[in-house]
Amino acid sequence: MYFMDMHCHILPGVDDGSRDEAMSMEMIGIAYSQGIRKIVLTPHYYVGKTKKTASDLKAIFDKFEPMVKKDYPEIDLYMGNEIYWGRGAVEGLKEGIINTYGDSKYVLVEFSPRCSYNEVYGAVRELVQHRFRPIIAHMERYQCLNKHMERVEEIIENGAYLQMNVDSLIGSLFDGHTKWCRKLVLEGYISLLGTDAHNIDDRAPYIEQTVSWLKKKLDEDSFEALMHGNGEAILDNKWLD
Ligand SMILES: [Fe+2]
């Protein structure tokens, strides 16, 4: 059993994640030790601010991937972006300046933690209208969705998929937010998990505790889907169940 990381900042020197190749290789080493075998690299993309386009990222990826393959031949890397939602995102995606997940129709979008529900709902509608399939990055971070099951259900009905960070599932059992996150996973609202790893210190790609919790709590099919099945379906541009 292996894990596919659907959200991380391991590509070197492109955002507030890994600062250089040495740190990226250390992060890959940690990921490997945790049973991570597929990784979608999702650097931040701020419309109107980020200078690195998909082709700039590809050049960095093409240099980085052989380094990873040399030390960790079992690890497969893919390219994506974490798009901070704003005017021009759809155009950037259509022009190929911003990456979808692999070459699929799925796109990872993030918002400000204090964004309004209207903004999230509007983004989902706009992306779907343009035939993209929105995945809400670390959905547990947005106040407007927190403990609003009816809103969570509404965006899913409108075509959104939800990604959660692995760390959100291993807080204290007495913590209301951890409980909410666990409920969302156990009831099947979350399609994807990611480490959102940024470095080797406080945001490193450790997943073992979350994986052992998932294994205990989920049936085999749901466990496998969250570990890697859904991520693989996305890269194949298949519809998720
Ligand atoms: Fe991120």
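Above this text is the structure in question.
Residues numbered from 1 in each chain as written. Predicted model: local features only at pLDDT ≥ 70, side-chain atom pairs only at ≥ 80, totals over all residues.

We now examine the nonpolar core. Counting 64 residues, the largest nonpolar core has Ile10, Ile83, Val107, Val109, Ile135, Ile136 and Met164 as its most contacted members. Not counting residues up to four positions away in its chain, the partners in contact with Val109 are Ile83, Trp85, Ala123, Pro134, Ile136 and Ala137. (Core = buried A, V, L, I, M, F, W, Y, C linked by C-beta atoms within 7 Å. Buried ≥ 20, exposed ≤ 12 C-beta atoms within 10 Å, placed from the backbone. Contact = placed C-beta atoms within 7 Å.)

In this structure, His138 is a non-glycine residue whose phi angle is positive, near 25°. Here His138 shows up in the loop between strand 7 (133–136) and helix 5 (149–157). The buried category is assigned to His138, around which 20 C-beta atoms lie within 10 Å. Although it is not a glycine, Asp196 adopts a positive phi angle of roughly 55°. Structurally, Asp196 is set in the loop between strand 9 (192–194) and helix 7 (208–217). (Helix = DSSP H or I, 4+ residues; strand = E, 2+ residues; numbered from the N terminus.)

Across the sheet, which stays open at both edges, the three strands sit in the order 1-2-4 with parallel pairing between neighbours. Edge positions in the sheet fall to strand 1 (3–5) and strand 4 (76–79), since each of these pairs with one other strand and no more. Between one strand axis and the next, the sheet turns through 15° on average, direction left out of account. Relative to strand 2 (residues 36–41), strand 1 runs parallel, the two being bridged by three bridges. Looking across to strand 2, one finds that Asp5 is bridged to Ile39. The sheet strands contacting helix 8 (residues 220–235) are strand 1, strand 2 and strand 4, and the helix crosses strand 1 at an angle near 50°. (Pairing = 2+ DSSP bridges. Axes fitted to C-alpha atoms, helices over the stretch in contact; angles between N-to-C directions.)

Our focus in this paragraph is the environment of Gly176. Residue placement: Gly176 occurs in helix 6 (residues 176–186). Along the chain, Gly176 and Lys147 lie 29 residues apart, while their C-alpha atoms are 9.5 Å from each other.

Turning our attention to the sheet that holds strand 3 (residues 44–46). Spatially, the six strands line up as an open sheet ordered 3-5-6-7-8-9, and their pairing is parallel. Two strands bound the open sheet, and with one partner strand each, they are strand 3 and strand 9. Averaged over all pairs of adjacent strands, the angle between their axes in this sheet comes to 35°, without regard to strand direction. Sheet topology note: the strand 7/strand 8 (residues 161–165) ladder contains two bridges and is parallel. Residue pairing across strands places Ile135 opposite Tyr161, the latter belonging to strand 8.

Treat this as a map of the structure, not an account of what it does.
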